[in-house]
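Architecture and fold: a report
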Amino acid sequence: MPLPGSRSLQRTTGLGLILAGVGFNLWALAERRRRSAGPFALERPEELVTSGPYAITRHPMYVGWWLIHLGAGTMTGSAWVIATLPPAVLAEHRYVLREESLLAGLFGRSYADYADKVPRYLGWRVPGLR
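Just so we're clear, the structure is a prediction, and the values are computed from it rather than from any experiment. (Residues numbered from 1 in each chain as written. Predicted model: local features only at pLDDT ≥ 70, side-chain atom pairs only at ≥ 80, totals over all residues. Heavy atoms only, no water.)

Here we take up the overall build of the chain. For the chain, the count of helices and strands is three helices and zero strands. N-terminal to C-terminal, the α/β element order of the chain is α-α-α. Going through the 130 residues of the chain one by one, you find that 36% of them count as buried. Long-range contacts, defined here as pairs at least 24 residues apart, represent 65% of the contacts in the chain between residues at least 6 apart. When the 15 basic and 9 acidic side-chain charges of the chain are each reduced to a single mean position, those positions are 5 Å apart. (Helix = DSSP H or I, 4+ residues; strand = E, 2+ residues; numbered from the N terminus. Buried < 20%, exposed > 50% of the residue type's maximum accessible area, 1.4 Å probe, protein only. Contact = heavy atoms within 4.5 Å. Lys, Arg positive; Asp, Glu negative; His and termini not counted. Charge placed at Lys NZ, Arg CZ, Asp CG, Glu CD.)

What follows concerns the packing of helix α2 (residues 60-76) against helix α3 (residues 80-117). At a minimum axis distance of 11 Å, the contact between α2 and α3 shows a crossing angle of 170°. As far as their axial angle goes, α3 and α2 are roughly antiparallel. Of the residues in α3, those in contact with Tyr62, Trp66, His69, Leu70, Gly73 and Thr74 of α2 are Val81, Thr84, Leu85, Ala88, Val89, Glu92, Tyr95, Val96 and Glu99. Across the contact of α2 with α3, the residue classes break down as nine nonpolar, four polar and two charged. (Axes fitted to C-alpha atoms, helices over the stretch in contact; angles between N-to-C directions. Parallel < 35°, antiparallel > 145°, perpendicular 65-115°, else oblique. Nonpolar A, V, L, I, M, F, W, Y, C, P; charged D, E, K, R; others polar.)

Let us now look at α2. End to end, α2 covers 24 Å across 17 residues, agreeing with the expected 24 Å (1.5 Å per residue, within 8%). Residues of α2 that are buried include every one of Pro60, Met61, Tyr62, Val63, Gly64, Trp66, Ile68, Gly71, Gly73 and Thr74, and no others. Taken together, the buried residues of α2 touch α1 (7-34) and α3. Trailing α2 by a residue or two, Gly77 shows a phi angle of about 75°, which is positive. (Expected span 1.5 Å × (residues − 1).)

This brings us to a nonpolar patch on the surface. A cluster of nonpolar side chains, contributed by Leu15, Leu19 and Met75, occupies part of the molecular surface with about 260 Å² of accessible area. Within the fold, Leu19 resides in helix α1. (Patch = residues over 30% accessible without salt bridge, like charges linked within 9 Å, V, L, I, M, F, W, Y side chains within 5 Å. Areas by Shrake-Rupley, 256 points an atom, 1.4 Å probe, with all protein chains shown as cover. Salt bridge = Lys/Arg side-chain N within 4 Å of Asp/Glu carboxyl O.)

Here we come to the nonpolar core. Judged by nonpolar contacts, Ala28, Leu48, Val49, Tyr54, Met61, Leu103, Phe107, Tyr111, Tyr114, Ala115 and Val118 together constitute the single largest core of 11 residues. Among the elements that line this core, the one with the most residues is α3, at five residues. With residues near it in sequence (within four places) discarded, Phe107 still touches Pro45, Glu46, Glu47 and Leu48. Core analysis: the second largest hydrophobic core is formed by seven residues, Phe24, Tyr62, Trp66 and Tyr121 among them. (Core = buried A, V, L, I, M, F, W, Y, C linked by side-chain atoms within 4.5 Å.)

For Glu100, the location among the structural elements is in helix α3. On the basis of relative accessible area, Glu100 is assigned to the buried category, the value being 9%. Other than its neighbours up to four places away in sequence, Glu100 contacts Arg58, His59, Tyr111 and Arg120.

All right, on to the environment of Arg94 then. For Arg94, the location among the structural elements is in helix α3. Sequence separation between Arg94 and Gly21 is 73 residues; the distance between their C-alpha atoms is 21 Å. Within the local environment of Arg94, its side chain forms a polar contact with the side chain of Tyr95, the two groups lying 3.3 Å apart. (Polar contact = N/O pair within 3.5 Å; in protein donor to acceptor, adjacent residues only side chain to side chain.)

Geometry only, nothing functional implied.
Structure, rendered in structure tokens:
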């Protein structure tokens, strides 16, 4: 199933989305690494990182991967990206919730305050809805 529109627009848009996703992931990794005192362990945060991309979204690496997914589908001109991205996001959302529970346990009130200010993914923060 092809996406509508010109192939050159699809390729350009897809490449832009892929580059944005890769850039977002690299920025998030660099910010986490910058805030690590000892050996870097992505799965074991030493402190709550709220700067850089983490000031935009609490989960910049997931957002980055979703942009890459969307970009790859768009770049190839496949409408299947419309069918595959939502289930991928929903499947990964349960890992996000697990990570948030872990972070709330590790960082307590600091994480709760952060979650009140910064959206889970992208968009506007809705007070009372984390």
